[in-house]
Amino acid sequence: MPRKPSTSHFLAAAVMCASLPLQVAAQSASGRPLPSRGWTGQPTVAVDEEFDGNVFLLSDARKTKLDGSAAAGTHYADMVSASDAITTLRMEFAAAGPGIRGKRVRITPELEYVHYARNTERTGFRYGVRADQKMGNGGLLRLKLAMQPHTFFKNYLVDAVDRDLSGSITTDERLYAPARQGETALDGDYTLRLRKPSHHRILGASLRLAGGWYSRSYGSAFAARDLKGPSAGTTLLLHTSSGVRLDLGYALAALAAPRMRTVMLLDETQFDRDFNGNGTITDVAARAEEMVDRSRSEQEFSAAFGSDLGRADVELEYARRARSFGSKEPYDVGNNGRRDARTTVGASLRYDLADAVRVRLTTRRGAQTLNRVDAGAGTGDVADYTRVRTSLGLEYRF
């Protein structure tokens, strides 16, 4: 089973940061350009305090079951509270200098430490690096690599033991184990300027084309939950010379999961089959080990309306994500025919207290609906849920 993040992950991120040209790091504190190559360096430190009303993406009924008293091996072990206060410390170092055809390029390694006040098992690191390359005619090429080591996500069913030999598995006969999720995402996009705003033309427009690759792993115990696959998207960016903007986006992803046998609880009367081999077909929660396929496709429509007011910036956002699960396995009740949709609305306010100090207030509300009553076959999968997140952040650029 993957181990909880340790200081080795911090060291790995530090090595990545140190891999920048040594002459850049040597002058990072002052930000003075290097005479030979014209490079500058700028460190940034930020801290965010966030309240998350549904850390584990639980239904309203299940959120009330978290009281911190669950024993090891049960559904809610180490899940102390549905809500939590999350502190994120972010450090980054932006090195800027001449890039393609002499255009400015900025390379920024970053490291985040995320601390959960109540659900401490979720505390860990995230790190990555991004590059922004200016192109001709107002174009911009961006690449970003983001990684999260295996960190506690929630508990999933690993087995069930019919201790009372009743045929149907009761709640206390289910065995759960912690699932530690690791993620890697490589994304890139190119922004092409279509129309530049001016005194004579109020409206400007740009088109952004994006593509990427996503990978999620849980380790051998939950390998059937691993996902990987490509993504693509496009965004139309409309903006005026006065700072008003409207972004309209569409994105899709095709994520493949391994087809594997997984322990689940099935209703024998629904399938007319003796799953647990006790000679009957009447058990409503029989232990079964059948093929599961969590492959899915995703589509998302998004819109953001904002205005740059000088030292302040405000933005309203909307996103609608639809997922379609492609499983054809006859007993995969959690994924065969599953469709779900999530709607997110949000607002943010950014204000520059000084040239180097910025504060940001953000709030978002998300709600997911499933095309069926919770049908996770006892595995602990997500059903309908709502989630509200509000954060206040402070950023300082040296």
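Keep in mind the model is a prediction, meaning the values are calculated, not measured.

What counts as what
Residues numbered from 1 in each chain as written. Predicted model: local features only at pLDDT ≥ 70, side-chain atom pairs only at ≥ 80, totals over all residues. Heavy atoms only, no water. Helix = DSSP H or I, 4+ residues; strand = E, 2+ residues; numbered from the N terminus. Buried < 20%, exposed > 50% of the residue type's maximum accessible area, 1.4 Å probe, protein only. Contact = heavy atoms within 4.5 Å. Areas by Shrake-Rupley, 256 points an atom, 1.4 Å probe, with all protein chains shown as cover. Lys, Arg positive; Asp, Glu negative; His and termini not counted. Salt bridge = Lys/Arg side-chain N within 4 Å of Asp/Glu carboxyl O. Polar contact = N/O pair within 3.5 Å; in protein donor to acceptor, adjacent residues only side chain to side chain. pLDDT = per-residue confidence, 0-100. Pairing = 2+ DSSP bridges. Phe/Tyr/Trp six-rings, centres within 6.5 Å; stacked < 30°, edge-to-face > 60°.

**Section: the overall build of the chain**
- Within the chain, the secondary structure is distributed over 4 helices and 16 strands.
- Within the span of the chain, comprising 398 residues, buried residues form 41% of the whole.
- Counted over contacts in the chain with a minimum sequence separation of 6, partners at least 24 positions apart contribute 62%.
- For the chain, the exposed surface amounts to about 20400 Å²; the carbon and sulfur share of it is 58%.

**Comments concerning the side chain of Arg321**
- Tracing the sequence through the fold places Arg321 in strand 13 (residues 312–325).
- No salt bridge is formed by the buried Arg321; its nearest oppositely charged neighbour, Asp340, is found at 4.4 Å.
- Within polar-contact distance, the side chain of Arg321 engages the side chain of Gln368 at 3.1 Å.
- The contact partners of Arg321, leaving out residues within four places of it in the chain, are Glu298, Gln299, Glu300, Asp340, Ala341, Arg342 and Gln368.

**What about the side chain of Arg296?**
- Relative to the helices and strands, Arg296 resides in strand 12 (residues 296–308).
- Relative accessible area serves as the criterion here: at 13%, Arg296 is assigned to the buried category.
- Side-chain polar atoms of Arg296 contact the side chain of Glu298, separated by 2.8 Å.
- Beyond its immediate sequence surroundings of up to four residues, Arg296 is in contact with Arg216, Leu227, Ala253, Ala254, Leu255, Arg323, Ser324, Phe325 and Gly326.

**A look at the confidence of the model for the chain**
- Averaged over all residues, the pLDDT of the chain is 88; the fraction at 70 or higher stands at 88%.
- Every residue in residues 1–36 is under pLDDT 50, and counting partners more than four places away or in other chains gives 57 contacts.

**Brief notes about the pairing of strand 4 (residues 124–134)**
- Inspection of the sheet shows strand 3 (residues 104–116) paired to strand 4 by 10 bridges, in the antiparallel sense. Each bridged residue has a counterpart across the sheet, and for Leu111 the counterpart in strand 4 is Tyr127.
- Two elements, strand 4 and strand 5 (residues 140–160), share 8 bridges in a ladder whose sense is antiparallel. Following the sheet pairing, Asp132 is matched in strand 5 by Arg142.
- What sits between strand 4 and strand 5 in their antiparallel hairpin is a turn of 5 residues, with Asn137 showing a positive phi close to 60°.

**Describing unusual backbone geometry**
- Residue Leu57 is not a glycine yet carries a positive backbone phi of 55°.
- Its location among the elements puts Leu57 in the loop between strand 1 (40–52) and helix 3 (60–63).
- The phi dihedral of Leu165 is positive, around 55°, even though this residue is not glycine.
- Tracing the backbone shows Leu165 in the loop between strand 5 and strand 6 (174–195).

**Looking at the packing of aromatic side chains**
- Under the defined criterion, the tally for this structure stands at 9 aromatic pairs.
- Summarising the aromatic geometry, the rings of Tyr156 and Tyr218 are spaced 6.3 Å apart at their centres and angled 80° between planes, so their arrangement reads as edge-to-face. You can see Tyr156 sitting in strand 5 and its partner Tyr218 sitting in the loop between strand 7 (203–217) and strand 8 (227–240), a full 62 residues away along the chain.
- Given a relative accessible area of 4%, Tyr156 falls into the buried group.
- Measuring from centroid to centroid gives 5.9 Å for Tyr156 and Phe222, while their planes differ by 65°, and the two rings are edge-to-face.

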